[in-house]
Amino acid sequence: MDETEEQLFEALGGLLKIKNECSCSVFSECGLSDMTVKQIAYLKVINEQGEVTFSRLAELTGTSKPTVTEMINRCVRMDCVYREPCPDDRRIQYIRLTDKGRMIARAEQAALLRVAERMLDALDDQERDLLVRILRKVR
């Protein structure tokens, strides 16, 4: 790894550390310190979809249906999601967020907003514009 790559690696590591600190802070404030990163990721996907089947969630998360079932069972026990049978086909179940699940999914968004605020607070207007242009370019 050359010097530029090392500097980028270090800078990204620092940014991820800040993001994790903000996430932990938000989740602690919400009384959610027992949630795992993977559970939160599932809740975010469900929140984005509104409702989702087990098969679709497996597809969206790149995991197997048994893995999704295990994760959803945990989330049901934590009162973050519930299952609702499809009225047309009782074999199909939709996964929906409870109020608590929506709060958790949105808490992650709040953590990202805190990261953005910290970044913007540390930069002047010109640096902010440059950062936005660079981040838009990297997709």
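Residues numbered from 1 in each chain as written. Predicted model: local features only at pLDDT ≥ 70, side-chain atom pairs only at ≥ 80, totals over all residues. Heavy atoms only, no water.

Chemist: In this structure, what is going on with the pattern of salt bridges? I would like to understand it.
Modeler: Close approach of charged atoms allows side chains of opposite charge to pair. This model, assessed by the stated rule, comprises seven salt bridges. The partner of Arg96 in a salt bridge is Glu51, with the nearest N and O atoms 1.9 Å apart. One end of the pair, Arg96, is in strand S3 (residues 93–97); the other, Glu51, is in the loop between helix H2 (37–49) and strand S1 (52–53), with 45 residues separating them in the sequence. The partner of Arg74 in a salt bridge is Glu70, with the nearest N and O atoms 2.5 Å apart. Residue Arg74 and its partner Glu70 are both found in helix H4 (residues 65–77); the two are separated by four residues, about one turn of the helix. Among the residues examined, Arg74 registers a relative accessible area of 32% and is labelled partly exposed. Taking the relative accessible area as the measure of exposure, Glu70 reaches 44% and is therefore partly exposed. Taken together, the shared-partner salt bridges connect Glu51, Glu84 and Arg96 into one network. (Salt bridge = Lys/Arg side-chain N within 4 Å of Asp/Glu carboxyl O. Helix = DSSP H or I, 4+ residues; strand = E, 2+ residues; numbered from the N terminus. Buried < 20%, exposed > 50% of the residue type's maximum accessible area, 1.4 Å probe, protein only.)

That's the geometry; what it means functionally is another story.
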